[in-house]
Each structure stands twice: as structure tokens, then as C-alpha cells.
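For reference, the chains in residue letters:
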Amino acid sequence: MSNLILDMLLATVLFWIALKTLITPDLFHAVVLFMIFGLLMALTWVRLDAPDIALAEAAIGAGLTGALLLDTIGYLRRNH
């Protein structure tokens, strides 16, 4: 029963963060939420017994993509 509660909580938090990421007007805040979403998705893949996908999601989805997006925001702020 506690696994079901954890899974439902995880699904609810993922949905809420995805929605907040899409509607926030601040780019930096949106990127940070996107990175948190990627880490929670990695946790979801672990819960689904797919550790290879979880590792790829954490490394590429949250790590690399988040770093590139943060660098892009820094570039935009310097040039505008």
C-alpha cells in the first residue's frame, strides 16, 4: 500500500512541476524546474525497474540539458 501512495505522490508532483515549468514567466525558474523534473523522472524510471533509462535521464535530461539551458540564459542576459 505504501508503494502505491509513493507512486501516486510522485505522479502528482511530476504533473505539478511540469505545469509550473510551462506557465512560469521567468526563464531561470523554468530551467530549474525542468532540471528538478528530470531528476524526478529519473526516480520514476527507477521505480519502474529501468535503471539504464533512469541513468540516461539524470545525466542527459537533468544534467547536460539543464546546464546548456542555463548557459543559454546567461548568454541571452549578457547580450540583451
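Above this note sits the structure.
Small disclaimer: the values here were computed from a predicted structure and weren't measured.

Caption draft 1: Just the overall build of the protein, in detail. Helices and strands together make up the secondary structure of the protein, namely three helices and zero strands. Along the protein, from the amino end to the carboxyl end, the secondary structure elements read α-α-α. Along the first, second and third principal axes, the C-alpha atoms of the protein reach 50 × 25 × 10 Å. Expressed as a percentage of the 80 residues in the protein, the buried residues total 24%. Considering only residue pairs separated by 6 or more positions, the protein has 56% of its internal contacts joining residues 24 or more positions apart. Split by element, the accessible area of the protein, about 5,700 Å² in all, is 75% carbon and sulfur. Distance from the positive charge centre (4 side chains) to the negative charge centre (6 side chains) of the protein: 13 Å.

Caption draft 2: Structural view of the pattern of salt bridges. If you walk through the whole model with that rule in mind, you get two salt bridges. With a closest N to O distance of 3.7 Å, R77 and D26 form a salt bridge. Of this pair, R77 sits in helix α3 (residues 51–79) while D26 sits in the loop between α1 (2–23) and α2 (27–47); the two residues are 51 residues apart in sequence, bridging distant segments of the chain. Among the residues examined, R77 registers a relative accessible area of 52% and is labelled exposed.

Caption draft 3: Just the nonpolar core, in detail. One finds L10, L14, I17, L33, L40 and M41 forming the largest nonpolar core, which totals six residues. Residues contacting L40, with those up to four places away along its chain left out, are L10, V13, L14 and I17.

The rules behind each value
Residues numbered from 1 in each chain as written. Predicted model: local features only at pLDDT ≥ 70, side-chain atom pairs only at ≥ 80, totals over all residues. Heavy atoms only, no water. Helix = DSSP H or I, 4+ residues; strand = E, 2+ residues; numbered from the N terminus. Buried < 20%, exposed > 50% of the residue type's maximum accessible area, 1.4 Å probe, protein only. Contact = heavy atoms within 4.5 Å. Areas by Shrake-Rupley, 256 points an atom, 1.4 Å probe, with all protein chains shown as cover. Lys, Arg positive; Asp, Glu negative; His and termini not counted. Charge placed at Lys NZ, Arg CZ, Asp CG, Glu CD. Salt bridge = Lys/Arg side-chain N within 4 Å of Asp/Glu carboxyl O. Core = buried A, V, L, I, M, F, W, Y, C linked by side-chain atoms within 4.5 Å.

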